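# Report on the structure
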Amino acid sequence: MLVAGMKAGEARAQQQYQAQAQQQAAVEQARQEGAAQAQPQAAAPATTDVTAELTKLAELHKSGVLTDEEFAAMKKKLLGL
């Protein structure tokens, strides 16, 4: 029984590790998208759906992936403020 409990604990730890890795990847992607949007584009219309991007940022912020400061900075970049 002790071995089964240890295996269950290891499985939970692995799931938590994977969730954290996914969150870190999402943060990095959001940062890269924010940096790409901050760069001026040569007379090309914005193809990014701002509402969808704001929603994505809000979800990352709500889930704790982004800090208040990161969320505010990315939102400003996205809105061009």
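Attention here is on the structure that accompanies the text.

So, how was this worked out
Throughout this document, residue positions are counted from 1 along each chain, in the order its sequence is written. Totals for whole chains, interfaces and linings use all residues, but because this is a predicted model, local features are given only for residues with pLDDT of at least 70 and pairs of side-chain atoms are given and counted only at 80 or more. Derived side-chain values reflect all non-hydrogen atoms in the structure, with water molecules and hydrogen atoms excluded from consideration. A helix here means a DSSP run of H or I that spans at least four residues, while a strand means a run of E at least two residues long, and both kinds are numbered starting from the N terminus. Contacts are assigned to residue pairs with any non-hydrogen atoms lying within 4.5 Å of each other. Should a side-chain nitrogen of Lys or Arg be within 4 Å of a carboxyl oxygen of Asp or Glu, the pair is scored as a salt bridge. Exposure classes here rest on a 1.4 Å probe applied to the protein chains alone. A residue is buried below 20% of its type maximum, exposed above 50%, and partly exposed in between. Residue count minus one, scaled by 1.5 Å, sets the expected span of a helix. Along the arc lie the directions from the helix axis toward the C-beta atoms. Joining through side-chain atoms within 4.5 Å is the link that ties buried Ala, Val, Leu, Ile, Met, Phe, Trp, Tyr and Cys residues into a set, and such a set is a nonpolar core.

Looking now at the environment of V27. By the secondary structure assignment, V27 is in helix α1 (residues 2-38). Separated by 34 residues in sequence, V27 and H61 have C-alpha atoms that sit 9.7 Å apart. The residues touching V27, leaving out its near neighbours within four places in the chain, are V65 and L66.

Let us now look at the pattern of salt bridges. Think of it this way: side chains of opposite charge can pair up when their charged atoms draw near. Across all of its chains, the model carries one salt bridge by this definition. For the salt bridge of K56 with E53, the shortest nitrogen-to-oxygen distance reads 3.8 Å. Within this pair, K56 and its partner E53 are both found in helix α2 (residues 50-62), separated by three residues, close to a single helical turn. On the basis of relative accessibility, which here comes to 31%, the residue K56 falls in the partly exposed class. Residue E53 is classed as buried on the basis of its relative accessible area of 15%.

Its 13 residues give α2 an end-to-end C-alpha distance of 18 Å, which sits within 8% of 18 Å, the value for a rise of 1.5 Å per residue. All of the buried residues in α2 are E53, L57 and L60. The arc that holds the buried residues of α2, viewed along the axis, is 60 degrees, so those residues lie on one side. Of the exposed residues in α2, those oriented more than 90 degrees away from the buried face are T51, E59 and K62. G64 sits one or two residues past α2 and shows a positive phi near 90 degrees.

Right, let's talk about the nonpolar core for a bit. Counting nine residues, the largest nonpolar core is built from V27, A30, L57, L60, V65, L66, F71, M74 and L78. The greatest single-element share of this core, amounting to three residues, is contributed by helix α3 (residues 68-79). Setting aside residues no more than four positions away along its own chain, F71 makes contact with L57, A58, H61 and L66.

Spanning 12 residues, α3 covers 16 Å between terminal C-alpha atoms, matching the ideal 16 Å at 1.5 Å per step. Among all positions of α3, only E70, F71, M74 and L78 are buried. All buried residues of α3 fall inside an arc of 95 degrees around its axis, so they share one side. Turned more than 90 degrees off the buried face of α3, the exposed positions are D68, E69 and K76. Taken from the residues just after α3, G80 is the one with a positive phi, measuring 75 degrees.

In short, geometric facts, not functional conclusions.
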